[in-house]
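These are the residues of each chain, in order.
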Amino acid sequence: MSIIWTIIIGFVAGLIAKWIMPGRNEPSGFIMTTILGIVGAFVATYLGQALGWYRADEGAGFIGAIVGAIVVLFIYGLIAGRRSTSSY
């Protein structure tokens, strides 16, 4: 059951992150939005544990997943923007 909740919370966190930080180079679709939220949760958990905000057995939570997804969207926008402006 925890996998289903992870997918649901990841999807909602991805939707909110895309709503807060819209862009034309953002990933779209149900699967990419869900992956964005899940990766955001992992990023927030890792950074929070590295900075001492969370213990080793704690996760970031919903707000942390949204913040992590915004960070992932920002980095994705930098990479996608750089790729679209470069010429080969």
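Residues numbered from 1 in each chain as written. Predicted model: local features only at pLDDT ≥ 70, side-chain atom pairs only at ≥ 80, totals over all residues. Heavy atoms only, no water.

*Asks:* Can you tell me about the overall build of the protein, naming the residues and giving the values?
*Replies:* Of the regular secondary structure elements, the protein holds three helices and zero strands. Overall, the protein shows an N-to-C arrangement of helices and strands of α-α-α. When each of the 88 residues of the protein is scored for burial, the buried share is 26%. Considering only intrachain contacts with a sequence separation of at least 6, the fraction spanning at least 24 residues in the protein is 63%. (Helix = DSSP H or I, 4+ residues; strand = E, 2+ residues; numbered from the N terminus. Buried < 20%, exposed > 50% of the residue type's maximum accessible area, 1.4 Å probe, protein only. Contact = heavy atoms within 4.5 Å.)

*Asks:* Break down the environment of Thr-45 for me, with residues and values.
*Replies:* Its place among the elements puts Thr-45 in helix α2 (residues 30–51). When its relative accessible area of 17% is taken as the criterion, Thr-45 is described as buried. Each C-alpha atom of the pair Thr-45 and Gly-59 lies 5.3 Å from the other, and the pair is 14 residues apart in sequence. Excluding anything up to four places from it in sequence, Thr-45 contacts Tyr-54, Glu-58, Gly-59 and Ala-60.

*Asks:* Could you give an account of α2, naming the residues involved and the relevant values?
*Replies:* Here α2 is 22 residues long and its end C-alpha atoms lie 31 Å apart, about the 32 Å a rise of 1.5 Å per residue gives. Directly beyond the C-terminal end of α2, a positive phi value near 85 degrees is found at Gly-52. (Expected span 1.5 Å × (residues − 1).)

*Asks:* I'd love a proper account of the layout of surface pockets, names of residues and values included.
*Replies:* Considered as a void within the structure, the largest pocket measures approximately 160 Å³ in volume. Lining the largest pocket are Thr-6, Ile-9, Ile-38, Ala-41, Phe-42, Thr-45, Gly-59, Ala-60, Gly-61, Phe-62 and Ala-65. Among the elements of the structure, α1 (2–20), α2 and α3 (61–85) are those that each provide at least two residues to the lining of the largest pocket. Element by element, the count of residues in the lining of the largest pocket is highest for α2, at four residues. Looking at the lining of the largest pocket residue by residue, the class counts come to seven nonpolar, four polar and no charged. (1 Å grid on protein atoms, 1.4 Å probe; cavity = no way out; pocket = protein on both sides within 12 Å on 5 of 7 lines; lining within 4 Å. Points joined across faces, edges and corners; volume = space filled by probe spheres on them. Nonpolar A, V, L, I, M, F, W, Y, C, P; charged D, E, K, R; others polar.)

*Asks:* Describe the UniProt feature "transmembrane region" (unreviewed entry) in the protein, listing the residues and the values that go with them.
*Replies:* Mapped onto this numbering, the UniProt entry annotates "transmembrane region" (unreviewed entry) at residues 6–21, 28–47 and 59–79. The span residues 6–21 shows a helical share of 94% and a strand share of 0%, and its end C-alpha atoms are spaced 22 Å apart. Across residues 59–79 one finds 90% helix and 0% strand; the C-alpha atoms that close the span lie 27 Å apart. (UniProt positions renumbered as here; feature names shortened; annotations may be inferred.)

*Asks:* Give a detailed account of the side chain of Thr-34, specifying residues and quantitative values.
*Replies:* Following the sequence through the fold, Thr-34 ends up in helix α2. If sequence neighbours within four positions are ignored, Thr-34 has contacts with Ile-7, Gly-10 and Phe-11.

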